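# Remarks on the overall topology
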Amino acid sequence: MTEASVTDTAVGSASAGQDPATSTQTIREWLVDRVAYYLELTPADIDAGADLAELGLDSVYALTLCGDVEDRFGLVVEPTMAWDHPTIDAITAHLAAELAR
């Protein structure tokens, strides 16, 4: 099984029965939009499976993303979130699991 399918399976399980505002798809789309905004790209240019550092996300924007996640989802996240979960898909899985608690 590929990493992407493992992530999709984990994310799909975590999002079962969730509020549509915090569904896996909504989280992923929001993250793609935020990263695209930071990098001055369109959401279509963002590969949710690509390493954020390779896309060009630097430490300033990684910390900004943490603050935006906290504001949007009401979660307290570690400032290392983007490095601990280095892709949008990985962050999505992490956030979906946290929100399911």
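Placed above this text is the structure.
Residues numbered from 1 in each chain as written. Predicted model: local features only at pLDDT ≥ 70, side-chain atom pairs only at ≥ 80, totals over all residues. Heavy atoms only, no water.

Scanning the protein chain for helices and strands turns up 6 helices and 0 strands. Along the protein chain, from the amino end to the carboxyl end, the secondary structure elements read α-α-α-α-α-α. Looking at the protein chain as a whole, 39% of its 101 residues are labelled buried. Sequence separation of 24 or more characterises 60% of the internal contacts of the protein chain that already satisfy a separation of 6 or more. Accessible surface for the protein chain amounts to roughly 5600 Å². Of this, 52% is attributable to carbon and sulfur atoms. (Helix = DSSP H or I, 4+ residues; strand = E, 2+ residues; numbered from the N terminus. Buried < 20%, exposed > 50% of the residue type's maximum accessible area, 1.4 Å probe, protein only. Contact = heavy atoms within 4.5 Å. Areas by Shrake-Rupley, 256 points an atom, 1.4 Å probe, with all protein chains shown as cover.)

Mapped onto the fold, aspartate 68 is located in helix H4 (residues 59-73). Sequence-distant contacts of aspartate 68, that is, excluding residues within four places in its chain, are made with Trp30, Arg34 and Tyr38.

Before going further, it helps to spend a moment on helix H2 (residues 24-39). In this model H2 runs 22 Å from its N-terminal to its C-terminal C-alpha over 16 residues, within 8% of the 22 Å that 1.5 Å per residue would give. Considered for burial, the residues of H2 that qualify are Thr24, Ile27, Trp30, Leu31, Val32, Val35, Ala36, Tyr38 and Leu39. Positive backbone phi, at 55°, marks glutamate 40, one or two positions downstream of H2. (Expected span 1.5 Å × (residues − 1).)

What follows is about the packing of H2 against helix H6 (residues 88-100). Between H2 and H6, the shortest axis-to-axis distance is 9 Å and the interhelical angle comes to 135°. Taken together, the axes of H2 and H6 are oblique relative to one another. Considering only the axes of H2 and H6, their crossing is right-handed. Between H2 and H6, the contacting residues are Thr24, Ile27, Arg28, Leu31, Val32 and Val35 on the first element and Ile88, Asp89, Ile91, Thr92, Leu95, Ala96 and Leu99 on the second. (Axes fitted to C-alpha atoms, helices over the stretch in contact; angles between N-to-C directions. Parallel < 35°, antiparallel > 145°, perpendicular 65-115°, else oblique. Left-handed = near helix turned anticlockwise from the far one by under 90°.)

Turning our attention to the pattern of salt bridges. Under the defined criterion, the tally for this structure stands at 3 salt bridges. When the shortest N-O distance is used, the salt bridge between arginine 34 and aspartate 68 registers 3.1 Å. Here the residue arginine 34 occupies a position in helix H2, and aspartate 68 occupies one in helix H4, the gap between them amounting to 34 residues. With relative accessibility at 23%, the residue arginine 34 sits in the partly exposed group. Overall, the relative accessible area of 18% leaves aspartate 68 in the buried class. Here glutamate 98 makes a salt bridge to arginine 101, at a shortest N to O gap of 3.7 Å. According to the relative accessible area criterion, glutamate 98 is partly exposed, its value standing at 28%. Classification of arginine 101 by relative accessible area gives exposed; the value is 77%. (Salt bridge = Lys/Arg side-chain N within 4 Å of Asp/Glu carboxyl O.)

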